[in-house]
Amino acid sequence: MKYDYLVVGSGLYGAIFAHEAKKHGHTVLVVEKRDHIGGNIYTEQVEGIHVHKYGAHIFHTNQKKVWDYICQFAEFNRFTNSPVANYKGELYSLPFNMYTFNRMWGVVTPEEAQAKIDQQRKEITGEPKNLEEQAISLVGRDIYEKLIKGYTEKQWGRDCRELPAFIIKRLPVRLTFDNNYFNALYQGIPIGGYTKLISNLLDGIEVQLNTDYLEQKVSLQAKAKKVVYTGAIDAYFAYQLGHLEYRSVRFEHEVLDQPNFQGNAAVNYTDRETPWTRIIEHKWFEFGKDADGNDLPKTIISREYSSEWKPGDEPYYPVNDEKNGSLYAAYKTLAEKETNVIFGGRLGEYKYYDMDQVIAAVLDRCEVEFA
């Protein structure tokens, strides 16, 4: 065996594990089925703009350990996520804050806003039975109808009354004018893009692109003592217990010969009729400037369309309902019998992870592995 570890996937989990393994004196081979490193956080430079090819990724965390760790590999800018909601041409601030409530109801003071929310929340009595009731019980019907219902139904492809309440247990409701969606201690975008960050993590590590591990499983496994697998857990077991469900996303990228399309990095389209869920304008992640601080003459937008996943599509969001939870538990039982395989990341653990949660999870795993 030539390597101590074979890491399948060059996304955040795989790249950090590979880096830590090398740092601890182990030999590592990373295999990646795509033609580039970085997984879904891959960014590609086009017209001087770092384009988030697989959807917007905004780094945010309250964990100082995670922030200190990732800052070894990238310098982060001061980007703050302040998305805008577009409901049939009406613009609202996200997260729900005093700007939102003023636009919705004309209220001016936090007391007036709270009274309006409290009045509308009374519609729901008892324990909410579905996502619709949960949302109304948190923010009232007006905000639910305009800013939650259509967007959520497009995102999940299901009526809000068919979705479980727990999906929307918490909504950021602020009686302030703070537009910071995440409200995290540390946040930003890596200067130079996420691909540069991943490249720094994988510095000095052997990487094979265009290599589908599942197609060459036997020969690749023979090269290493242990495998770190960050692909879909059901695919690893050839779907022998059935397919786990995901939501997928399709992107339409467009280069525009104009300096500004929507004036913000993210605009969510919250009505049901608009087919896309949101439009990302990538240049605003880095304030519309190039590396020397000059204004960029063109812009690039990406429309995002949510869809039901089918084999061959890219899986994005696990469908965390009871049925899929039970199926994942069965696959996890199989995974625990694979003594020389570590399953990690969003697909390997069938879990919707934010980036900081991925970093925390892999660092915890590395502490055990390299103790």
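Above this text you will find the structure in question.
This one's a predicted model, so the numbers in the text were calculated from it and none came from an experiment.

## Describing the overall build of the protein chain
Then, in step 1: Per the secondary structure count, the protein chain includes 12 helices and 16 strands.
Then, in step 2: Taking the principal axes of the C-alpha coordinates as reference, the protein chain spans close to 70 × 55 × 35 Å.
Then, in step 3: Of the contacts formed within the protein chain by residues at least 6 apart in sequence, a portion of 73% connects residues at least 24 apart.
Then, in step 4: If the 44 positive side-chain charges of the protein chain are averaged to one point and the 52 negative ones to another, these points end up 2 Å apart.

## Comments concerning the pattern of salt bridges
Then, in step 1: Applying the stated rule across the entire model yields 27 salt bridges.
Then, in step 2: Here Lys-23 makes a salt bridge to Glu-20, at a shortest N to O gap of 3.2 Å. Separated by three residues within a single helix, Lys-23 and Glu-20 lie in helix H1 (residues 12-23), roughly one turn from each other.
Then, in step 3: Look at Lys-23 and you get exposed, because its relative accessible area is 53%.
Then, in step 4: Arg-34 is paired through a salt bridge with Glu-314; the nearest N and O atoms lie 3.1 Å apart. With Arg-34 in the loop between strand E2 (28-31) and strand E3 (43-46) and Glu-314 in the loop between strand E14 (299-308) and strand E15 (317-318), the pair connects residues that are 280 residues apart, well separated along the chain.
Then, in step 5: Judged by its relative accessible area of 14%, Arg-34 is buried.
Then, in step 6: Each of Lys-65, Asp-364 and Glu-367 takes part in one network of salt bridges that share partners.

## A short note on the sheet that holds strand E9 (residues 206-208)
Then, in step 1: Taken in spatial order, the five strands of this open sheet run E9-E2-E1-E10-E16, and their pairing is parallel. Two strands in the sheet have a free side with no partner beyond their single neighbour: E9 and strand E16 (341-343). Neighbour to neighbour, the strand axes of the sheet diverge by 20° on average, direction disregarded.
Then, in step 2: Across three bridges, strand E10 (residues 224-229) lies against E16 in parallel orientation. From the neighbouring strand, Tyr-229 faces E16, where its bridge partner is Phe-343.

## With respect to the nonpolar core
Then, in step 1: Formed by 52 residues in total, the largest nonpolar core has its most connected members in Leu-6, Phe-101, Ile-143, Tyr-213 and Tyr-229.
Then, in step 2: In terms of residue count, the dominant contributor to this core is helix H6 (residues 141-156) (five residues).
Then, in step 3: Not counting residues within four places of it along the chain, the set of residues in contact with Leu-6 comprises Leu-29, Val-31, Tyr-213, Leu-220, Gln-221, Ala-224, Lys-226, Val-227 and Val-228.
Then, in step 4: One finds Ile-41, Phe-73, Ile-342 and Ala-360 within the second-largest nonpolar core, a separate group that totals 47 residues.

## Thoughts on the sheet that holds strand E6 (residues 84-87)
Then, in step 1: Read across the open sheet, the seven strands follow the order E7-E6-E12-E13-E14-E11-E15; overall the sheet is mixed. Where the open sheet ends on each side, the last strands, each with one partner, are strand E7 (90-93) and E15.
Then, in step 2: Of the pairings in the sheet, the one linking E6 to E7 comprises four bridges and is antiparallel in character. Pairing of Tyr-87 across the sheet is with Glu-90, part of E7.

## Points about the environment of Ala-56
Then, in step 1: Checked against the element boundaries, Ala-56 lands in the loop between strand E4 (49-52) and strand E5 (59-61).
Then, in step 2: A relative accessible area of 18% means that Ala-56 is categorised as buried.
Then, in step 3: For the pair formed by Ala-56 and Gly-126, sequence separation is 70 residues and the distance between their alpha carbons is 37 Å.
Then, in step 4: The contact partners of Ala-56, leaving out residues within four places of it in the chain, are Arg-278, Ile-280, Phe-285 and Glu-304.

## Observations regarding the packing of helix H4 (residues 110-121) against helix H5 (residues 131-139)
Then, in step 1: Here H4 crosses H5 at 145°, and the two axes come no closer than 6 Å. On H5, the residues touching Ile-117, Gln-120 and Arg-121 of H4 are Ile-136, Ser-137, Leu-138 and Val-139.
Then, in step 2: When the residues that make up the contact of H4 with H5 are grouped by side-chain class, the tally is four nonpolar, two polar and one charged.

## Quick look at empty space enclosed by the protein
Then, in step 1: Tallied over the full model, the rule gives one cavity of 30 Å³ or more.
Then, in step 2: The volume enclosed by the largest cavity comes to roughly 30 Å³.
Then, in step 3: Around the largest cavity sit Gly-48, Ile-49, His-50, His-282, Lys-283, Glu-286, Lys-289 and Leu-296, which together line it.
Then, in step 4: A class-by-class count of the residues in the lining of the largest cavity yields two nonpolar, three polar and three charged.

## Points about H5
Then, in step 1: Among the nine residues in H5, eight count as buried, and that is most of the element.
Then, in step 2: Along H5, the positions that sit buried rather than exposed are Leu-131, Glu-132, Glu-133, Gln-134, Ala-135, Ile-136, Ser-137 and Val-139.
Then, in step 3: Among the structural elements, helix H3 (98-105), H4 and H6 are those in contact with the buried residues of H5.
Then, in step 4: For H5, the side-chain oxygen to backbone nitrogen distance between the N-cap and Glu-132 is 3.1 Å, and the N-cap itself is Asn-130.
Then, in step 5: Positioned one or two residues after H5, Gly-140 has a phi angle of 90°, which is positive.

Reading guide: rules and limits
Residues numbered from 1 in each chain as written. Predicted model: local features only at pLDDT ≥ 70, side-chain atom pairs only at ≥ 80, totals over all residues. Heavy atoms only, no water. Helix = DSSP H or I, 4+ residues; strand = E, 2+ residues; numbered from the N terminus. Contact = heavy atoms within 4.5 Å. Lys, Arg positive; Asp, Glu negative; His and termini not counted. Charge placed at Lys NZ, Arg CZ, Asp CG, Glu CD. Salt bridge = Lys/Arg side-chain N within 4 Å of Asp/Glu carboxyl O. Buried < 20%, exposed > 50% of the residue type's maximum accessible area, 1.4 Å probe, protein only. Pairing = 2+ DSSP bridges. Axes fitted to C-alpha atoms, helices over the stretch in contact; angles between N-to-C directions. Core = buried A, V, L, I, M, F, W, Y, C linked by side-chain atoms within 4.5 Å. Nonpolar A, V, L, I, M, F, W, Y, C, P; charged D, E, K, R; others polar. 1 Å grid on protein atoms, 1.4 Å probe; cavity = no way out; pocket = protein on both sides within 12 Å on 5 of 7 lines; lining within 4 Å. Points joined across faces, edges and corners; volume = space filled by probe spheres on them. Polar contact = N/O pair within 3.5 Å; in protein donor to acceptor, adjacent residues only side chain to side chain.

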